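Each chain, written out:
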Amino acid sequence: MNPVTVAAVQTEPFFGRVASNVEAALALVPGNCALAVLPELFATGYQFRTRDEVASFAEELGPDCRPGPILGRLLAHAASSGTTLVAGLAERAGARLFNSAVLVRPDGTRGLYRKVHLFMDEKQLFDPGDLAFPVFPAAGTQVGMMICFDWLFPEAARSLALAGAAVIAHPCNLVLPWCQEAMITRCLENGVHAVTANRVGREDRAGFELAFSGGSQIVAPRGERLVRLDRTGTGAAVARIEPGTPGTPLTAHNDVLGDRRPELYRG
Ligand code: ACM
């Protein structure tokens, strides 16, 4: 596979200030990359109080929808820069609301993922994702998406690897301390690259404060952390990677996907 330059963009959104959050995030996307990943709920901020509030910010993202302002801006940026963007945003689909990630290619075509494993109050605010773990050809490779708390469930990254993802684009709003370390194992056990784009800053809109942990990073299939940002500032973590096929052999006799024994596993 040809090398590709990928970026994890680390932002500090301010709740509800959509236009300025979007512009600040896009201004951080490096000019020369094939794939840039923005955080979960990057345009709105995280701590919604009610489903009605989510609905007031959510956009339609489905394949046939007319793009709203946020998706429209992502499409325009992808077209003018030649960069495929993956970004997390609130999605409206009829009466349902999803915590979603959209993949936007420079030619305007798109892919969609709806967060499967909802975290804390998200369970009252969003419907659980119903699209499983699709993989999309993009940026010269095969890209799958998972969102933030999906990291805790090895099945998410495994499903993406089994579906052929070489790169996992991972928009996050992380508040627990373990994900950045856990993604090293997710990459090693699946033979994939992961681009984890987290946010920084704090929100206190729902009676408790959340502090977001930054540390956006890019990890390679052998678990090497290629680059990592600090825990407080905004910026972009950039790496040139050579995505192969998932599950690259670990030794001459061991293939991390091929050696599995699903007939002996439960669940
Ligand atoms: C999270 O899933 N936003 C922690």
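Below is a short write-up of the structure.

The rules behind these values
- Residues numbered from 1 in each chain as written.
- Predicted model: local features only at pLDDT ≥ 70, side-chain atom pairs only at ≥ 80, totals over all residues.
- Heavy atoms only, no water.
- Salt bridge = Lys/Arg side-chain N within 4 Å of Asp/Glu carboxyl O.
- Helix = DSSP H or I, 4+ residues; strand = E, 2+ residues; numbered from the N terminus.
- Buried < 20%, exposed > 50% of the residue type's maximum accessible area, 1.4 Å probe, protein only.
- Contact = heavy atoms within 4.5 Å.
- Axes fitted to C-alpha atoms, helices over the stretch in contact; angles between N-to-C directions.
- Left-handed = near helix turned anticlockwise from the far one by under 90°.
- Nonpolar A, V, L, I, M, F, W, Y, C, P; charged D, E, K, R; others polar.
- Pairing = 2+ DSSP bridges.
- Core = buried A, V, L, I, M, F, W, Y, C linked by side-chain atoms within 4.5 Å.
- Phe/Tyr/Trp six-rings, centres within 6.5 Å; stacked < 30°, edge-to-face > 60°.
- Lys NZ or Arg CZ within 6 Å of the ring centre and 35° of its normal.

We now examine the pattern of salt bridges. Here the structure, examined in full by the defined rule, presents 15 salt bridges. A salt bridge links Arg114 to Glu91; the shortest N-O distance between them is 2.7 Å. Taken together, the residues span a long stretch of sequence, with Arg114 in strand S5 (residues 110–114) and Glu91 in strand S3 (residues 84–93) at a distance of 23 residues. Here Glu91 falls in the buried class, since its relative accessible area comes to 1%. With a closest N to O distance of 2.5 Å, Glu203 and Arg199 form a salt bridge.

Turning to its location among the elements, Thr11 is positioned in the loop between strand S1 (4–10) and helix H1 (18–27). Residue classification places Thr11 among the buried positions, given a relative accessible area of 5%. Among all residues touching Thr11, those that are not within four sequence positions of it are Ala25, Leu28, Pro39, Asn198, Arg199, Val200 and Thr234.

It is at 10 Å that the axes of helix H5 (residues 154–162) and helix H6 (residues 179–190) come closest, and there the two elements cross at 35°. Here H5 and H6 pass one another in a crossing that is right-handed. From H5, Pro154, Ala157, Arg158 and Ala161 reach across to H6, where they touch Arg186, Glu189 and Asn190. Grouping the constituent residues of the contact of H5 with H6 by class yields three nonpolar, one polar and three charged.

Here we come to the sheet that holds strand S13 (residues 225–228). Here we have six strands laid out as an open sheet, ordered S6-S7-S8-S9-S12-S13, and mixed in their pairing. The sheet is open, and its two edges are formed by strand S6 (135–138) and S13, each paired on a single side. The average angle at which neighbouring strand axes cross in this sheet is 20°, direction not considered. One ladder, built from five bridges, connects strand S8 (residues 167–171) with strand S9 (residues 193–197); its direction is parallel.

Of all five residues making up S5, four are buried, and the element is well covered by its neighbours. Summarising the sheet, strand S4 (residues 96–104) and S5 pair through five bridges and their orientation is antiparallel. Looking at S5, one finds that Leu103 is bridged to Gly111. Counting the residues in the hairpin turn of S4 and S5 gives five residues, including Gly108, whose phi is positive at 90°.

Another point: the nonpolar core. By size, the foremost hydrophobic cluster in this structure holds 61 residues, and its most contacted members are Leu35, Val86, Phe126, Met145, Met146 and Trp151. Apart from residues no more than four positions distant in its own chain, Val86 is found in contact with Leu35, Ala36, Val37, Leu38, Ala101, Val102, Leu103, Met145, Ala169 and Pro171. Counting residues in hydrophobic clusters, the runner-up holds 24 residues, among them Cys33, Phe42, Cys65 and Leu85.

All right, on to the packing of aromatic side chains then. A complete count under the given rule lists eight aromatic pairs for this structure. Ring plane angle 85° and centroid distance 6.3 Å describe the contact between Phe48 and Phe126, whose orientation is recorded as edge-to-face. In this pair, Phe48 sits in the loop between strand S2 (35–37) and helix H2 (51–57) while Phe126 sits in the loop between helix H4 (122–125) and S6, placing the two residues 78 residues apart along the sequence. Of the two residues, Phe48 and Phe126, neither departs from the other in class, the shared state being buried. Grouped by ring-pair contacts, the aromatic residues Phe15, Phe48, Phe57 and Phe126 constitute a single cluster. Above the ring of Phe15, the side-chain terminus of Arg205 is found at 3.8 Å from the ring centroid.

Here the focus is the sheet that holds S2. Strand-to-strand pairing in sheets goes through backbone hydrogen bonds, with the strands running parallel or antiparallel. Pairing is mixed across the open sheet formed by six strands, whose spatial order is S5-S4-S3-S2-S1-S14. The open sheet terminates on both sides in strands that have one partner only, identified here as S5 and strand S14 (235–241). With strand direction ignored, the average angle separating the axes of adjacent strands in the sheet is 30°. Two strands pair when backbone bridges link them, and S1 and S14 are joined in this way by seven bridges, in the antiparallel orientation.

Looking now at unusual backbone geometry. Of note, the phi angle at Met120 is positive, near 45°, even though the residue is not glycine. Structurally, Met120 can be placed in the loop between S5 and H4. Residue Met120 is classed as partly exposed on the basis of its relative accessible area of 44%.

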